Structures are given as structure tokens and as C-alpha cells.
Amino acid sequence: MALQRNSVPQRYRPSGGVRHQQRNVEARVRDQSWPGTLMALGIFVLLISFWAAGGRTLVGYMELARWFALLAFAGDLLPYKRVGLRLGMERLEWFLFNLLAVGPLMLSLLLWVNLLLHGPERFAVTPYAGDIMELRSYWMAHDELPPSTPIEAPSAEALESPPPGPVGGHLIGTAKGLFGYEVITTYEEIAVGGE
């Protein structure tokens, strides 16, 4: 007769090295939150960069849209099994990750690099009275900046005592960015001159 116990029998536990008899046929995606976090971050970074760096870059909206499309869909040309699946993403998640994280972050990076790494500045004084977004709108409508008078590198004394006249204006500094797009490096209001 077998020995009977009043305790719960222990379950059979396979040894540590043995798993299922069959391996998975296809790799499976992992449940993770970092792609969604980067997608949300990419959208916010693009909005801020488009307003701050894009507002100072003299480039048309259609050209920016083309650059965004290139950067957002270039990752989808990579083989999904080698890249997307290895990162643990489903196909739709991989597509959205490129569209909402890679594209916006790369476009933002390129806008900031073009703005911050530029060639020598050229200065001019213009009677134009709008803010910098109105200046960019003027450039979009006329494909050139408002009429202005070129000057050498401005000094603080020259800006504090402008030439006599009833009209003040703005000091505009422009330069060629690293990627070839003109950027507005300086846009400062100068005092109204005396008569």
C-alpha cells in the first residue's frame, strides 16, 4: 500500500534547462512602452522645433514636408524582420514608430543643426516693423526679405544711435545654414532716430 500524506502533493517540475519540446516558429513581439513614449515625444519635439527653428529657417512648407516624408518613411525600407521585429515591434507599430518618432526627431535635429551651424552673418537694417514670423511670411510671399540697407558688422554704439530719421526698424542678420538653407540669425529692434 502506498504511503498517504495529508499534505498537498508537489507538482512535477522539469529541470531548469528543459523548456517546451517545440520552439516558436516565429519570433514574438514584446510588450513594451518605449516606442509609444518616443512617438509622443517626437510629435512634441517637432512642434517646438517647427515653431522655434523652422520659424528662423527660410524654407518653404512643401520642401519641409518632402524632407519629413523622406525621413519618416526611410526606416520602413529596412527589412522588418531584421530591425522592427528585433526591436520587439509589430508591423503597424514599426510603421507608426518611423512616422511619429524617427521622422519628427530627425527633421527637428536637421532644423536645429542648420540653424546653429551656419556660415558668416550678413547684416542689414530694414524699416520693416513686423515680428519674426511676419518676416518669414513676407519671405514666403515675395521670395525675398523686405527692402533693407546692408551694413557691416553692427556695433553697440551704432545700434543705440542710429542715423537721424523718423523711422526706426530692425536689424536683420542672415547666414547660410549647414544644409544650404538661409537662416535668420539676428532680428532685433533698433531705436527710432531723432530728427
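What you see is a predicted model, and the numbers here were worked out from it, not measured in a lab.

Undergrad: How would you sum up the pattern of salt bridges? Please name residues and give values.
TA: It is possible for side chains of opposite charge to pair when their charged atoms get near one another. Counted under the stated rule, the structure contains two salt bridges. Between Arg 122 and Glu 182 there is a salt bridge; the shortest N-O distance is 2.7 Å. Taken together, the residues Arg 122 in strand 1 (residues 122-126) and Glu 182 in strand 4 (residues 182-190) connect sequence positions 60 residues apart. The class of Arg 122 is partly exposed, set by a relative accessible area of 42%. Glu 182 is paired through a salt bridge with Lys 176; the nearest N and O atoms lie 3.9 Å apart. Sharing partners across several salt bridges, the network here consists of Arg 122, Lys 176 and Glu 182.

Undergrad: Which residues make up the pairing of strand 1, and what are the values?
TA: The pairing of strand 1 with strand 3 (residues 169-176) spans five bridges and is classified as antiparallel. Across the sheet, residue Val 125 finds its bridge partner in strand 3, namely Leu 171. Note that strand 1 and strand 2 (residues 149-151) share three bridges and pair antiparallel. Among the inter-strand pairings, Ala 124 is bridged to a residue of strand 2, identified as Pro 150.

Undergrad: Could you give an account of the pairing of strand 4, naming the residues involved and the relevant values?
TA: In this structure, strand 3 lies alongside strand 4, joined through eight bridges in antiparallel fashion. Paired with Thr 174 across the strands is Ile 184, a residue of strand 4. A loop of five residues connects strand 3 with strand 4, the two strands running antiparallel in sequence, and Gly 180 in this loop sits at a positive phi of about 95°.

Rules used in this analysis
Every residue gets a number counted from 1 within its own chain, in the order that chain's sequence is written. Given that the model is predicted, a residue must reach a pLDDT of at least 70 before its local features are reported, and side-chain atom pairs must reach 80 or more before they are shown or counted; all residues, however, enter totals for whole chains, interfaces and linings. Water and hydrogen atoms play no part in the side-chain values, which are based on all heavy atoms of the structure. What makes a salt bridge here is a side-chain nitrogen of Lys or Arg within 4 Å of a carboxyl oxygen of Asp or Glu, nothing more. Runs of E in the DSSP output that reach at least two residues are strands. Runs of H or I that reach at least four are helices, and both are numbered from the N terminus. The cut-offs for exposure are 20% and 50% of the maximum accessible area for each residue type, with area from a 1.4 Å probe on protein chains only; residues under the lower value are buried, those over the upper are exposed, and the others partly exposed. When DSSP finds at least two bridges between two strands, those strands are taken to pair.

Function cannot be read off these values alone, since they describe shape.
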